[in-house]
Amino acid sequence: MKDNLELLEELLLDDNGLLISLRVGDGLNKEKVNQVYKVLTDLAAGWKGQEKIPKKAVDLFIDIYPGMLSSSDYYSHEVAIEIMDCCDKIIDLIKDCISY
């Protein structure tokens, strides 16, 4: 069974991952978005009180926001707003992951 960090990487970067599908113009996959929210929530709970998180997590966290935000330029105004709202929620969840 995959751990949450591997699952997050898959949800974001696999061939049909959230960041990839946005970059190629397939739109915002809301099912994947909800899965990313859940994984980030689970990671934050698991890391609560820890002074360090895995480097792999930091690498993923650095790429999520700019990757999604830059992809929003390819979509209609309405979809771009959805993507930006999603980015904001993901950043809030990442902040939960890195605060102790």
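1. Concerning the pattern of salt bridges
- Scanning the entire structure with this criterion turns up 3 salt bridges.
- The salt bridge involving Lys56 is made with Glu9; its shortest N-O contact spans 2.9 Å. Note that Lys56 is positioned in helix 4 (residues 55-71) and Glu9 in helix 1 (residues 4-13), a separation of 47 residues in sequence.
- In this structure, Asp42 engages Lys38 in a salt bridge whose closest nitrogen and oxygen atoms are separated by 2.7 Å.

2. Describing helix 5 (residues 77-98)
- Its 22 residues give helix 5 an end-to-end C-alpha distance of 31 Å, which sits within 8% of 32 Å, the value for a rise of 1.5 Å per residue.
- Looking at helix 5, one finds that the buried residues are Ala80, Ile83, Cys86, Cys87, Ile90, Leu93, Ile94 and Cys97. All buried residues of helix 5 fall inside an arc of 140° around its axis, so they share one side. Of the residues in helix 5, the exposed ones pointing more than 90 degrees away from the buried face are His77 and Glu78.
- The inward-facing, buried residues of helix 5 contact helix 2 (18-23), helix 3 (30-47) and helix 4.

3. A few points about the packing of aromatic side chains
- Per the counting criterion, the structure on display carries 1 aromatic pair.
- Between Trp47 and Phe61 the ring centres are 6.4 Å apart and the planes differ by 65°, which places this aromatic pair in the edge-to-face class. Taken together, the positions of Trp47 in helix 3 and Phe61 in helix 4 put the pair 14 residues apart, joining distant regions of the chain. Neither residue differs from the other here; Trp47 and Phe61 are each classed as buried.

Cut-offs used in this document
Residues numbered from 1 in each chain as written. Predicted model: local features only at pLDDT ≥ 70, side-chain atom pairs only at ≥ 80, totals over all residues. Heavy atoms only, no water. Salt bridge = Lys/Arg side-chain N within 4 Å of Asp/Glu carboxyl O. Helix = DSSP H or I, 4+ residues; strand = E, 2+ residues; numbered from the N terminus. Expected span 1.5 Å × (residues − 1). Buried < 20%, exposed > 50% of the residue type's maximum accessible area, 1.4 Å probe, protein only. Arc of directions from axis to C-beta. Contact = heavy atoms within 4.5 Å. Phe/Tyr/Trp six-rings, centres within 6.5 Å; stacked < 30°, edge-to-face > 60°.

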